[in-house]
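# Understanding the architecture of this molecule
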Amino acid sequence: MVRSYTLAELAQCSGAQLRGDADCIIHGVESLNGAGSGQISFFNNSKYRRYLADTKAAAVILRPEDVSDCPCNALVTDNPYLAWARVTRCFSSESQVESGIHPSAVVDALAEVDQSASVAAGSVLAAGASIGPDVQIGPNCVIGRNVVLGRGTRLVASVTLLDGVRLGENCLVHPGAVIGSDGFGLANDQGCWEKVAQLGSVTIGDNVEIGANTTIDRGAIHDTIIADGVKLDNQIQVAHNVEIGENTAIAACTGISGSTRIGAGCTLAGGVGVVGHIELADGVHVSGASVVSRSLREPGVYTGGVLAMPHKTWQKNIARIKQLDDMARRLKKLEKALADRSGEK
Amino acid sequence: MVRSYTLAELAQCSGAQLRGDADCIIHGVESLNGAGSGQISFFNNSKYRRYLADTKAAAVILRPEDVSDCPCNALVTDNPYLAWARVTRCFSSESQVESGIHPSAVVDALAEVDQSASVAAGSVLAAGASIGPDVQIGPNCVIGRNVVLGRGTRLVASVTLLDGVRLGENCLVHPGAVIGSDGFGLANDQGCWEKVAQLGSVTIGDNVEIGANTTIDRGAIHDTIIADGVKLDNQIQVAHNVEIGENTAIAACTGISGSTRIGAGCTLAGGVGVVGHIELADGVHVSGASVVSRSLREPGVYTGGVLAMPHKTWQKNIARIKQLDDMARRLKKLEKALADRSGEK
Amino acid sequence: MVRSYTLAELAQCSGAQLRGDADCIIHGVESLNGAGSGQISFFNNSKYRRYLADTKAAAVILRPEDVSDCPCNALVTDNPYLAWARVTRCFSSESQVESGIHPSAVVDALAEVDQSASVAAGSVLAAGASIGPDVQIGPNCVIGRNVVLGRGTRLVASVTLLDGVRLGENCLVHPGAVIGSDGFGLANDQGCWEKVAQLGSVTIGDNVEIGANTTIDRGAIHDTIIADGVKLDNQIQVAHNVEIGENTAIAACTGISGSTRIGAGCTLAGGVGVVGHIELADGVHVSGASVVSRSLREPGVYTGGVLAMPHKTWQKNIARIKQLDDMARRLKKLEKALADRSGEK
């Protein structure tokens, strides 16, 4: 059950400075314009300034320069969204999960499950699996042979981890994620495909979050590697032998082809595609739906694509793409002709 | 088992007008050119007119203006595809499912399951779940705490609904769908990401269909909302706090980013990407694989992208994209030069 | 457990010619620059030639023309990657699976399971399912009514096959795949959508591989068809009544719309989109992230899209797309004006 907090407690947990009534009781979070008594909100975006003056919130998290506009108690910090993240976690209603193995779970005699871990109904654990302290395995998960889950890692439900996959501590894996499926390795024999066995696995660091229905393939010889602090949204595809650096965050529906290395502290927005066998430097940021076809060795923002416009505008103009080279040549020729004429004069 | 119908019965169920033998027995559906005796077909697209005159079907569903071309019995209507939809449902072989809870299902003592509902093998229901009359929960589903399923809703198999998700009546959810997974909310603390707890859930109306492996995230503060009559195809990603209006249909592999509001009666074709925090008006139609990066406040058709062409054509022209601005400026300069000359003369 | 092989055994299994010590014991595979004693590697890409001379591998698979550069034993062949594929499979550690039905699996009394097949924990098989010899059904799979699985086919785990789906022999289906979900068929009735029942199913040939979280919808009237030897990567969407020809390989995140026919021996790279009701000839190759909007009747390579570039370059140039038609017209006008002047002179 969710409990209440004094504003002083929330100030402490969020690292923000309290301004106002330390004993004010906060029982929930709300948006600025929806909040009422007993609720805390945050102000991080000047677009919503009009809501600040009139908010009925009991307290607002905001920057020092905005305190004068705040009609109520405040938690003051240079990073309101970070303080907000911490406060929201205070109000998360995640249930207490009792440790132990549900009678309907099927745990191989050669799997090791720490006494403080929980294995929910319908989950199946193969031989050699090693489940650390405080791990939570939700309902209907499948855990392959020799899988290792570090302390505090949680599989929400319906997660499939195949043989030899290793997750570090405090990871969070959402339903439908598949980790350690075979990489797509095929050799062609006169038109028919033969499978290249995928002999590596997947190694995942600490504090990694993996979204719903995301897939991460096992490596061909060595492991696919996801470093500490990486955050992957839903429906992402990570091919074999990809490496993703620390604290890189990737939004939904992005696909990364085989053997590509993505640096640390990168962000890839939604729907991005990255070809195989290239490298993205640390601090590369790729805009939504862009396709990255070559190594990006400098940090910075990269973008591609032609965005949606009224269909008639698109139709009228896009066919000209196929004439671009011709247009460029004709333009050059005209320039030359005109320059020649000027010379003539 | 699938039964047979008289043509009169199919006329009644489909709302079309019978023309011909009311007692003709129909035992199945087929395409115009494949149909034989006892089978019904439909004619909706003039592209297939050549098949109409020669069809061996026992009956054809078609428009009044096409009756004269029909060599057999007819069901006549202004909307043949709609009548066809209704006739196909008569021949659907969906099995009778017995009500009751399979002994291998794990239902928490604090979950409520209506007596007329069915829970298949391997499904797991948490405390507080409320399962309405005639609901069908297929095999290996996971139902979180306090999930509410309205009358007649069906989860085909392997569906995961997380805590607090609510579906209305007569919804249909296909395998692998995940509803209520955490939204992708992260605050940055000097390069590391901290999680923003996702405290909302997902509210889904009546008559909603959700495709295989589609994911719908829970909201950050308030719920993600899918209105009545929305139809979502496979592998769609709906981020936190998205709202989708009534009777909007979205094709496969489309992704919608957080807090975006999509109006009623919209269609998004396959592979569309929509950025976050924008609004699409009622009646917006987005072409396949387009990326929508700003609010579309007028109904109409919107398109983007550069379609596939022979690789050499693409290669020759696409590099010129990076010269477009330069070309535009040079073109303007030439026009000016020529105009100046004309003035000179 | 993985065993060791003599080089002579590996030569025989891979079809390559042995050059060197036939009795050399090989216990594993490695990359050229990582390999040590007892390990075999391969050289297929001149980019890595610098690693060949210094390799510490016990043997290398390579082409006849590269033998002179090889410092160790060699397996010589015109198709090193194919020989490599065969050698990797020798070292695959796939576990022996015991035949039989796990006590926690739920198998309908009217399902037929061959004595040599295995059904793992948590899987559910409906009436009429027919499971052939040596089939392996991994944990937590769902098998619908009348599903047919041919000899040697393997469902890794968490696979869902719906009513009437048929797979041939020696197929491999990865976790989270959903085969036989309803096609997206909807008829519009004054703004509301009515479902068109999807009365076909899915027919899949022999030696087909289907990736993690890939979805293949059942057909509307007839079946969706995947021919022998097709290889599908992860998160692919195949809509109703698509037909995919023999030995076509499709990379991850590609979506194929309804009723489209893809020929034999095609390759579609990752993230491709294909519209519905078109045909791709045999031997068509589509580059990554391209959108195919019309039939491609000639074999060859097809490409589309605007690749990622530095954001400022993109921003400066991409807006000009909407002026392309205007620019083309103005260019033509200038050319005419200049030609007229030349005439004047």
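Being a predicted model, the structure only gives us computed values, none of them experimental.

## A word on the overall build of chain A
Along its length, chain A carries five helices and 40 strands. Counting only C-alpha atoms, chain A reaches 90 × 65 × 35 Å along its principal axes. Out of the 345 residues in chain A, the part that is buried amounts to 56%. The long-range share in chain A, meaning contacts at least 24 apart out of those at least 6 apart in sequence, stands at 20%.

## Details of the nonpolar core
In this structure, Ile-143 and Val-292 of chain A, Ile-143 and Val-292 of chain B together with Ile-143 and Val-292 of chain C are the most contacted members of the largest nonpolar core, which totals 252 residues. Once residues lying within four places of it in the same chain are set aside, the contact partners of Ile-143 of chain C are Ser-123, Val-124, Leu-125, Ala-126, Ala-129, Ile-137 and Leu-161 of chain C.

## Quick look at the relation of the copies chain B and chain A
Once chain B has been moved 0.0 Å along the axis and rotated by 120°, it coincides with chain A to within an RMSD of 0.0 Å. The relationship between the two copies is best expressed as a three-fold rotation axis. Of the interface residues in chain B, just 19% have counterparts in chain A that sit at the interface too, so the contact is made through distinct surfaces.

## Here's the deal with the domain arrangement of chain A
Accessible area lost during the coming together of the parts is what is often quoted as the interface size. One can read the domain layout of chain A as domain 1 (5-90), domain 2 (100-302) and domain 3 (311-344). Between the C-alpha centres of domain 2 of chain A and domain 3 of chain A there is a distance of 49 Å.

## Examining helix α1 (residues 7-14) of chain A
Residues and elements named next belong to chain A. When α1 is considered as a whole, its buried residues turn out to be Leu-7, Leu-10, Ala-11 and Ser-14. The buried residues of α1 occupy an angular sector of 105° when the element is viewed end-on, so they sit on one face. The positive-phi residue at the C-terminal boundary of α1 is Gly-15, with phi of around 75°.

## Here we look at the sheet that holds strand β31 (residues 249-250) of chain A
Strand order in the open sheet formed by twelve strands is β8(A)-β11(A)-β14(A)-β17(A)-β20(A)-β25(A)-β28(A)-β31(A)-β34(A)-β37(A)-β39(A)-β40(C), and the pairing between neighbours is mixed. Both outer strands of the open sheet, β8 (100-101) of chain A together with β40 (309-310) of chain C, are each paired with one neighbouring strand and no more. As judged from the two bridges shared by strand β20 (residues 172-173) of chain A and strand β25 (residues 209-210) of chain A, these two strands associate in the parallel manner. Across the sheet, residue Val-173 of chain A finds its bridge partner in β25 of chain A, namely Ile-210 of chain A.

## Side note on the sheet that holds strand β38 (residues 291-292) of chain A
One open sheet holds the ten strands; their spatial order is β9-β12-β15-β18-β21-β26-β29-β32-β35-β38 (chain A), and the pairing between them is parallel. Single-partner strands in this sheet number two, and they are β9 (106-107) and β38 of chain A.

## Describing the interface of chain A and chain C
At the junction of the two partners, chain A supplies 58 residues and chain C supplies 60 residues. If you list the elements that add at least two residues to the side of chain A that touches chain C, you get β21 (178-181), β22 (186-189), β23 (192-195), β26 (215-217), β38, β39 (300-303), α4 (311-318) and α5 (324-344) of chain A. A per-class count over the side of chain A that touches chain C returns 26 nonpolar, 23 polar and nine charged. Here β39 of chain A pairs with β40 of chain C via two bridges, running antiparallel. If you follow Tyr-302 of chain A over to β40 of chain C, its bridge partner there is Pro-310 of chain C.

## Some words on the interface of chain B and chain A
Counting residues at the interface gives 58 residues for chain B, matched by 60 residues for chain A. Elements with a contribution of two residues or more to the side of chain B that touches chain A: β21 (178-181), β22 (186-189), β23 (192-195), β26 (215-217), β38 (291-292), β39 (300-303), α4 (311-318) and α5 (324-344) of chain B. The element that contributes the greatest number of residues to the side of chain B that touches chain A is α5 of chain B, accounting for five residues. For the side of chain B that touches chain A, the class distribution of residues is 26 nonpolar, 23 polar and nine charged.

## Focus: the relation of the copies chain A and chain C
Structural alignment of chain A on chain C gives an RMSD of 0.1 Å, achieved by rotating through 120° and translating 0.0 Å along the axis. Little of the interface of chain A is mirrored in chain C, where only 19% of its interface residues are also at the interface.

## Some points on the packing of α1 of chain A against helix α3 (residues 80-90) of chain A
Residues and elements named next belong to chain A. Running from N to C, α1 and α3 cross one another at 125°; their axes reach a closest spacing of 8 Å. Judged by the inter-axis angle, α1 sits oblique to α3. Here α1 and α3 pass one another in a crossing that is right-handed. In contact with Leu-10, Cys-13 and Ser-14 of α1, α3 contributes Ala-83, Arg-86, Val-87 and Cys-90. Class assignment for the residues of the contact of α1 with α3 results in five nonpolar, one polar and one charged.

## Brief notes about the pairing of strand β23 (residues 192-195) of chain C
Residues and elements named next belong to chain C. The pairing of strand β22 (residues 186-189) with β23 spans four bridges and is antiparallel. If you follow Leu-186 over to β23, its bridge partner there is Lys-195. The loop that links β22 with its antiparallel partner β23 comprises two residues; one of these, Gln-190, has a positive phi angle of about 50°.

## Details of the environment of Asn-44 of chain A
All names here are of chain A. Inspection of the secondary structure assignment puts Asn-44 in the loop between β5 (39-42) and α2 (49-52). Considered as a pair, Asn-44 and Pro-80 are 36 residues apart in the sequence and their alpha carbons are 6.1 Å apart. The residues touching Asn-44, leaving out its near neighbours within four places in the chain, are Pro-80 and Tyr-81.

## Section: the pairing of β5 of chain A
Residue and element names in this part refer to chain A. Residues Gln-39 and Ser-41 line one face of β5 and the alternating positions Ile-40 and Phe-42 line the opposite face, and both faces are buried. Summarising the sheet, strand β4 (residues 28-29) and β5 pair through two bridges and their orientation is parallel. By the bridge assignment, Val-29 is partnered in β5 with Ile-40. Sheet topology note: the β5/strand β6 (residues 59-62) ladder contains three bridges and is parallel. The partner of Phe-42 across the bridge, within β6, is Ile-61.

## Overview of the environment of Leu-307 of chain B
Tracing the backbone shows Leu-307 of chain B in the loop between β39 and β40 (309-310). Remark: the alpha-carbon pair of Leu-307 of chain B and Ala-289 of chain B, spanning 18 residues in sequence, is separated by 9.5 Å. If sequence neighbours within four positions are ignored, Leu-307 of chain B has contacts with Val-291, Ser-293 and Gly-304 of chain C.

## Observations concerning the confidence of the model for chain A
Overall, the predicted model of chain A reaches an average pLDDT of 96, with 99% of residues at or above 70. Here the complex is predicted with pTM 0.97, and the ipTM for its interfaces comes to 0.97.

## A look at unusual backbone geometry
Look at Asn-140 of chain A: it is not a glycine, yet its phi comes out positive at around 60°. Looking at where Asn-140 of chain A falls in the secondary structure, it is placed in the loop between β14 (136-137) and β15 (142-143).

## Points about the environment of Arg-330 of chain C
Relative to the assigned elements, Arg-330 of chain C resides in helix α5 (residues 324-344). Once you skip the residues sitting within four places of it in the chain, Arg-330 of chain C turns out to touch Leu-331 and Glu-335 of chain B.

Parameters and conventions
Residues numbered from 1 in each chain as written. Chains lettered and ligands numbered in written order. Predicted model: local features only at pLDDT ≥ 70, side-chain atom pairs only at ≥ 80, totals over all residues. Helix = DSSP H or I, 4+ residues; strand = E, 2+ residues; numbered from the N terminus. Buried ≥ 20, exposed ≤ 12 C-beta atoms within 10 Å, placed from the backbone. Contact = placed C-beta atoms within 7 Å. Core = buried A, V, L, I, M, F, W, Y, C linked by C-beta atoms within 7 Å. Least-squares fit on C-alpha atoms with pLDDT ≥ 70 in both. Domains from an automatic or database assignment. Arc of directions from axis to C-beta. Pairing = 2+ DSSP bridges. Nonpolar A, V, L, I, M, F, W, Y, C, P; charged D, E, K, R; others polar. Axes fitted to C-alpha atoms, helices over the stretch in contact; angles between N-to-C directions. Parallel < 35°, antiparallel > 145°, perpendicular 65-115°, else oblique. Left-handed = near helix turned anticlockwise from the far one by under 90°. pLDDT = per-residue confidence, 0-100.

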